[in-house]
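Understanding the architecture of this molecule
Residue-level listing of the chains:
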Amino acid sequence: MAAIETVIIPAGGLGTRFLPATKAIPKELIPVGDRPALQFGVEEARASGIRRTVLVTGPGKEALGAHFAPDPRLESALDARGQAALLEELRAIDRLTELQVVVQPEPLGLGDAVRRAAGAVAGEAAVCGLLPDDLFVGAIPLLRQLILAYERHRCPVVALRRCPPSEIGRYGVAAVSGSGPIFRVTDLVEKPGPGEAPSDLAVMGRYVLTPAVFAALERTAPGALGEVQLTDGIRGALEEGPVVGVEYSGRLLDVGTLEGWVRTLVELLPDHPRLGPVWRAALAAHGRSGPAA
Ligand code: G1P
């Protein structure tokens, strides 16, 4: 049984929720502490046993690929300055993944981005999908949790999280059977209107995708927001066989909006090896070292 080797990371969006910061810089390169948001996703995939990344980007977003490629000029400058530790850190980023970039000419939706990667993963029994807007924090990498479910059930897998009614309309939502944490998915609805959500289980941005999903995406018309939705492609795969959902353990931190990015920094930086002490000292200097009473 071949292991899953590849993750598809859609990163073709315009970053409108992050403007003006993302006018010239792809939102996936906005730093979270000492590294860009996208690197967290690639690191999660690597920690889950994935060796290859197909990055689906938009025109003008070449900097995304450059982040994972060697930069000889920078390397020789660091070498000349004797900055060996930093140099090794950069080389470790180059070794994180075997990267292939696919361009999505227009942002026509997540489903469109994923189907553009189909040629790059042809012949693979299953691949992972990861949306880099959410950083995972937890003991077992989230993609790993999904891969374990795939190895048991051999079908598409989605990550599920219970979500309050006020937020559920922002997500794909699953109707399920079974008692969890691994559910059988019976239906999926993208961005349900008020009162239309089939459950409180939202699809979060981690997937295992099989050829049945790619085939369904080929026949999927634009759906919610006028975009081709990955949720609808996975729903189409339900006609071919089962789909499972994993109510995962751990948490996802949103870095896809400015507000979420601020919350994520507040959550992650206190424990950062290099920046944590700086962060805490700066807060203390402003008289805000702990939560308000
Ligand atoms: C996308 C998916 C949606 C999923 C969400 C998770 O929506 O289309 O099904 O629930 O990611 O973050 P977006 O956030 O791109 O609107």
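Residues numbered from 1 in each chain as written. Predicted model: local features only at pLDDT ≥ 70, side-chain atom pairs only at ≥ 80, totals over all residues. Heavy atoms only, no water.

Here we come to the state of the cysteines. Per the counting criterion, the structure on display carries zero disulfides. No disulfide involves C128; its nearest neighbouring cysteine sulfur is the one of C155, lying 13 Å away. Residue classification places C128 among the buried positions, given a relative accessible area of 0%. (Disulfide = S-S within 2.5 Å. Buried < 20%, exposed > 50% of the residue type's maximum accessible area, 1.4 Å probe, protein only.)

Summarising the sheet, strand β9 (residues 172-177) and strand β10 (residues 182-190) pair through six bridges and their orientation is antiparallel. From the neighbouring strand, V173 faces β10, where its bridge partner is V189. Linking β9 back to β10 in an antiparallel pair, the connection comprises four residues, with G178 at a positive phi of about 95 degrees. Pairing analysis gives two bridges linking β9 to strand β11 (residues 201-209), with the strands arranged antiparallel. Its bridge partner lying in β11, G172 is registered against V203. (Pairing = 2+ DSSP bridges. Helix = DSSP H or I, 4+ residues; strand = E, 2+ residues; numbered from the N terminus.)

Okay, the site of the ligand next. If you check the shell around the ligand, you find L110, L131, D134, Y171, G172, E190, K191, V203, G205, Q229 and T231 and nothing else. Here an oxygen atom of the ligand and a side-chain polar atom of E190 are 2.7 Å apart. Protein contact buries 81% of the 380 Å² of open area that the ligand shows by itself. In a pocket analysis with a 2 Å cut-off to the grid points, the ligand is assigned to the largest pocket. Here the shell around the ligand is built from residues that sort into four nonpolar, four polar and three charged. (Near = heavy atom within 4 Å. Polar contact = N/O pair within 3.5 Å; in protein donor to acceptor, adjacent residues only side chain to side chain. Areas by Shrake-Rupley, 256 points an atom, 1.4 Å probe, with all protein chains shown as cover. 1 Å grid on protein atoms, 1.4 Å probe; cavity = no way out; pocket = protein on both sides within 12 Å on 5 of 7 lines; lining within 4 Å. Sits in = over half its atoms within 2 Å of the grid points. Nonpolar A, V, L, I, M, F, W, Y, C, P; charged D, E, K, R; others polar.)

If you walk through the whole model with that rule in mind, you get 20 salt bridges. Where E239 meets R219, a salt bridge forms, and the shortest distance between an N and an O atom there is 3.9 Å. One end of the pair, E239, is in the loop between α9 (230-237) and β12 (244-247); the other, R219, is in the loop between α8 (211-218) and α9, with 20 residues separating them in the sequence. Residue R219 is classed as partly exposed on the basis of its relative accessible area of 49%. Salt bridges here are not isolated pairs; linked through shared partners, they connect E5, R51, R52, E98 and E124. (Salt bridge = Lys/Arg side-chain N within 4 Å of Asp/Glu carboxyl O.)

With respect to the element layout, T57 can be found in strand β4 (residues 52-57). A relative accessible area of 3% means that T57 is categorised as buried. When sequence neighbours within four positions are dropped, the list of residues in contact with T57 reads A11, G12, L64, V101, V102, V103 and Q104. (Contact = heavy atoms within 4.5 Å.)

Right, let's talk about the nonpolar core for a bit. I4, V7, C128, V157 and V208 are the most contacted members of the largest nonpolar core, which has 38 residues in total. Within the residue set of this core, elements represented by two or more residues are β1 (6-11), α1 (37-47), β6 (127-130), α6 (142-153), β8 (157-162), β11 and β12. In terms of residue count, α6 provides more of this core than any other element does, six residues in total. Formed by 29 residues, the second largest nonpolar core is a distinct cluster that contains L131, L201, L209 and I234. (Core = buried A, V, L, I, M, F, W, Y, C linked by side-chain atoms within 4.5 Å.)

Attention shifts here to the packing of aromatic side chains. What the rule picks out here adds up to one aromatic pair. Here F18 and W261 contribute two aromatic rings whose centre-to-centre distance is 6.2 Å and whose plane-to-plane angle is 70 degrees, an arrangement assigned as edge-to-face. Taken as a pair, F18 in the loop between β1 and β2 (31-32) and W261 in helix α10 (residues 258-268) lie far apart in primary sequence, 243 residues in all. Between R35 and the ring centre of F40, over which it is positioned, the NZ or CZ distance is 5.6 Å. (Phe/Tyr/Trp six-rings, centres within 6.5 Å; stacked < 30°, edge-to-face > 60°. Lys NZ or Arg CZ within 6 Å of the ring centre and 35° of its normal.)

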